[in-house]
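Structural overview for review
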Amino acid sequence: MTSLNITADENSLLSTGQPLVWLNPNYLNAEAAPETPDIAGIYDAEARLLRFAPLLSILFPELIEADGLIESPLLPAPTLNTAINPLGGQLFLKADHELPVAGSIKARGGIHEVLCFAEQLALEAGLLADTNDDYTKLAQEEGRALFADYTMAVGSTGNLGLSIGIMGAALGFNAVVHMSSDAKEWKKERLRHRGVKVVEHTADYGAAVAAGRAESDADPRSYFVDDENSPRLFMGYAVAALRLKQQLDAAGIEINADTPLFVYLPAGVGGAPGGITFGLKTLFGENVHCFFAEPVQAPCMLLGMAGDAGQEPVPIYELGLQIDTDADGLAVGTASQWVCDAVRHQVSGVYTATDESLYRHLHQLKKLENVEVEPSAAISCRGPAMLNTGTGKQYLNAQNVANSLKNSIHIAWLTGGSFVPDKEYQHYLEKAIKISN
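This report concerns the structure included in the present document. (Residues numbered from 1 in each chain as written. Predicted model: local features only at pLDDT ≥ 70, side-chain atom pairs only at ≥ 80, totals over all residues. Heavy atoms only, no water.)

1. Things to note about the overall build of the protein
- Looking only at helices and strands, the protein has 17 helices and eleven strands in total.
- A globule of 437 residues ought to have a C-alpha radius of gyration of about 22 Å, and the protein, at 21 Å, matches this closely.
- Each principal axis of the C-alpha atoms in the protein carries an extent, and together these give about 60 × 50 × 45 Å.
- In the protein, which comprises 437 residues, the share counted as buried stands at 61%.
- Within the protein, contacts between residues separated by at least 24 positions form 75% of all contacts whose residues are at least 6 apart in sequence.
- In the structure as shown, the protein presents an accessible area of about 16,200 Å², 46% of it carried by carbon and sulfur atoms. (Helix = DSSP H or I, 4+ residues; strand = E, 2+ residues; numbered from the N terminus. Rg over C-alpha atoms; globule rule 2.2 N^0.38 Å. Buried < 20%, exposed > 50% of the residue type's maximum accessible area, 1.4 Å probe, protein only. Contact = heavy atoms within 4.5 Å. Areas by Shrake-Rupley, 256 points an atom, 1.4 Å probe, with all protein chains shown as cover.)

This is the structure we're talking about:
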């Protein structure tokens, strides 16, 4: 196996599917990142989303009240904080499970990439004179006719497919989503209901992406959204950091050395948590600490970050793992090399968790805060407890934040759940209650 920055003990825990905290040896070492993305891309993405906001209000009536802005609330969770946070400070839930249109963290990045391509086509065709033009024109017949000549394709475990498929179809593109074997049936049906073509694969996420990419490459009028190698997705995700800062400001919370910020981000192939981390580090620097969270059976980002810059990430299969997890959004075998390289010096570390712990947190979220999420989102609630382990305390001491924990802010990023059918969620909850008892 390729050389990795993991100890023998860590390798043993990984290969036997046991939870651990892995600390990134390249944290804050800028030389470890071969090429850091341009931070201007975050503000470009935010400006584009604002340009399209009037059009989005037309396409999606649920956005009218928010003036076309796709954003989620930041929810204080004091009761849950008492139950899951042994470190001290305040706990908030970043409620991306409530994001309109797509119902998951993938909404910002996925929708942003679709809008990038739509804007490019409209400008080239002269439907938009420039970026100051009226974008609502694209909802009219001429705009839809233009987009109908093109295919928008993506490979997905589910949530990215929902954001790309729903947005693409709403604009008039021929939307095609290649779904991996672990994708939930209800997500496929939701896409079909929106007029999206769903191509099912019996293999994993990587195979679905490869097949979708190959099919798209063969068609000059097909645009493939590549979650493994997309700066457009990445910057769309990064916009979340700007929105989060606004919400913290509104709550009277200033992040600094005395009030450190800890963010726990569920990670699949890495695009969404990577983009958010990039945005947060841009805004808060050393005062924000971002930890990726993965199932014990799919720690692909841990393996990707533990490799060297420019090195193809090690697949989890080389550890003898088989992606045996109910956290379908995180069921990925190989991380994105592009994302690993982009944030190699910004991610504090990665922790892994069992499915049983995800279900316990899913139950706590419902019981204590009346918040309903899918299992993959619940993994974010494991963060504070993992930082209270020996390895976690090692990090807190090394970063000189142990004495500031009483003032600390913790954010569990809830990545998806509001679109889950009631029957499906009740199945999750029943399993969660059984495990919790």
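More follows now that the structure is in view.
2. Quick word on the packing of aromatic side chains
- In this structure the tally under the stated criterion is ten aromatic pairs.
- Aromatic side chains F234 and F278 sit 5.4 Å apart centroid to centroid with 45° between the ring planes, which places their arrangement in the tilted category. Taken together, the positions of F234 in helix 9 (residues 231-250) and F278 in helix 10 (residues 271-284) put the pair 44 residues apart, joining distant regions of the chain. Just as F234 is buried, F278 falls in that class too.
- Between the aromatic rings of F234 and W338, the centroid separation amounts to 5.0 Å while the plane-to-plane angle is 85°, which identifies the pairing as edge-to-face. With a gap of 104 residues between them, F234 in helix 9 and W338 in helix 12 (residues 337-342) connect regions that are remote in the sequence.
- An aromatic cluster is built from F117, F147, Y150, F173 and Y223, whose rings are joined through pairwise contacts. (Phe/Tyr/Trp six-rings, centres within 6.5 Å; stacked < 30°, edge-to-face > 60°.)

3. A short note on the environment of V177
- Tracing the backbone shows V177 in strand 5 (residues 174-179).
- Beyond its immediate sequence surroundings of up to four residues, V177 is in contact with V154, S156, G161, G165, L191, V196, K197, V198 and V199.

4. Here's the deal with empty space enclosed by the protein
- For the coordinates displayed, the defined rule picks out one cavity of 30 Å³ or more.
- The space that makes up the largest cavity amounts to roughly 210 Å³.
- Lining of the largest cavity is provided by 24 residues; of these, K106, T157, G268, G329 and L330 occupy positions nearest its centre.
- Secondary structure elements with two or more residues in the lining of the largest cavity: strand 4 (151-156), helix 6 (159-171) and helix 10. (1 Å grid on protein atoms, 1.4 Å probe; cavity = no way out; pocket = protein on both sides within 12 Å on 5 of 7 lines; lining within 4 Å. Points joined across faces, edges and corners; volume = space filled by probe spheres on them.)

5. Let's talk about the environment of D96
- Inspection of the secondary structure assignment puts D96 in the loop between strand 3 (90-95) and helix 4 (106-125).
- Given the relative accessible area of 0%, D96 is considered buried.
- Sequence separation of D96 and A240 is 144 residues, and the distance between their C-alpha atoms is 9.7 Å.
- In this structure, D96 is in contact with E71, S72, G103, S104, I105, R108, W413, L414 and T415, ignoring residues within four places of it in sequence.
- Side-chain polar atoms of D96 contact the side chain of W413, separated by 2.7 Å. (Polar contact = N/O pair within 3.5 Å; in protein donor to acceptor, adjacent residues only side chain to side chain.)

6. Some thoughts on the pattern of salt bridges
- Scanning the model with the defined rule gives 20 salt bridges in all.
- The closest approach of N and O atoms between D133 and K137, which form a salt bridge, is 2.8 Å.
- You can call D133 partly exposed: its relative accessible area is 23%.
- For K137, a relative accessible area of 30% gives the class partly exposed.
- Salt bridges here are not isolated pairs; linked through shared partners, they connect E46, E71, K94, D96, R108 and R243. (Salt bridge = Lys/Arg side-chain N within 4 Å of Asp/Glu carboxyl O.)

7. Topic: helix 13 (residues 355-369)
- Along its 15 residues, helix 13 runs 21 Å from first to last C-alpha, staying within 8% of the 21 Å computed at 1.5 Å per residue.
- Burial in helix 13 covers these residues: D355, S357, L358, Y359, H361, L362, H363, L365 and E369.
- Positive backbone phi, approximately 55°, marks N370, located one or two places after helix 13. (Expected span 1.5 Å × (residues − 1).)

8. Some words on the packing of helix 4 against helix 9
- Where helix 4 meets helix 9, the axes come as close as 7 Å, and the angle between the chain directions of the two elements is 125°. The angle between helix 4 and helix 9 places the two elements in the oblique class. With respect to the hand of their crossing, helix 4 and helix 9 are arranged in right-handed fashion. Every residue of helix 9 that contacts helix 4 at K106, R108, G109, G110, H112, E113, C116, F117 and Q120 is listed here: R232, L233, G236, Y237, A240 and R243.
- Looking at side-chain class alone, the contact of helix 4 with helix 9 contains five nonpolar, five polar and five charged residues. (Axes fitted to C-alpha atoms, helices over the stretch in contact; angles between N-to-C directions. Parallel < 35°, antiparallel > 145°, perpendicular 65-115°, else oblique. Left-handed = near helix turned anticlockwise from the far one by under 90°. Nonpolar A, V, L, I, M, F, W, Y, C, P; charged D, E, K, R; others polar.)

9. A closer look at the pairing of strand 4
- Along strand 4, six of the six residues are buried, which leaves the element largely enclosed by surrounding structure.
- In strand 4, alternate side chains face the same way, and those of T151, A153 and G155 on one face and M152, V154 and S156 on the other are all buried.
- Of the strand pairs in this sheet, strand 4 and strand 5 are connected by six bridges, and their pairing is parallel. Residue pairing for strand 5: T151 is matched across the bridge by N174.
- Taking the sense of rotation as the criterion, the β-α-β connection linking strand 4, helix 6 and strand 5 turns out right-handed.
- The pairing of strand 4 with strand 7 (residues 222-225) spans four bridges and is parallel. Residue pairing across strands places M152 opposite Y223, the latter belonging to strand 7. (Pairing = 2+ DSSP bridges. Right-handed = clockwise from strand over helix to strand, strands pointing away.)

10. A look at unusual backbone geometry
- Positioned with a positive phi, L28 is a non-glycine residue whose angle comes to about 65°.
- Tracing the chain through its elements places L28 in the loop between strand 1 (21-23) and helix 2 (40-59).
- With phi around 55°, N370 is a residue other than glycine that occupies positive phi space.
- Here N370 is to be found in the loop between helix 13 and helix 14 (375-378).

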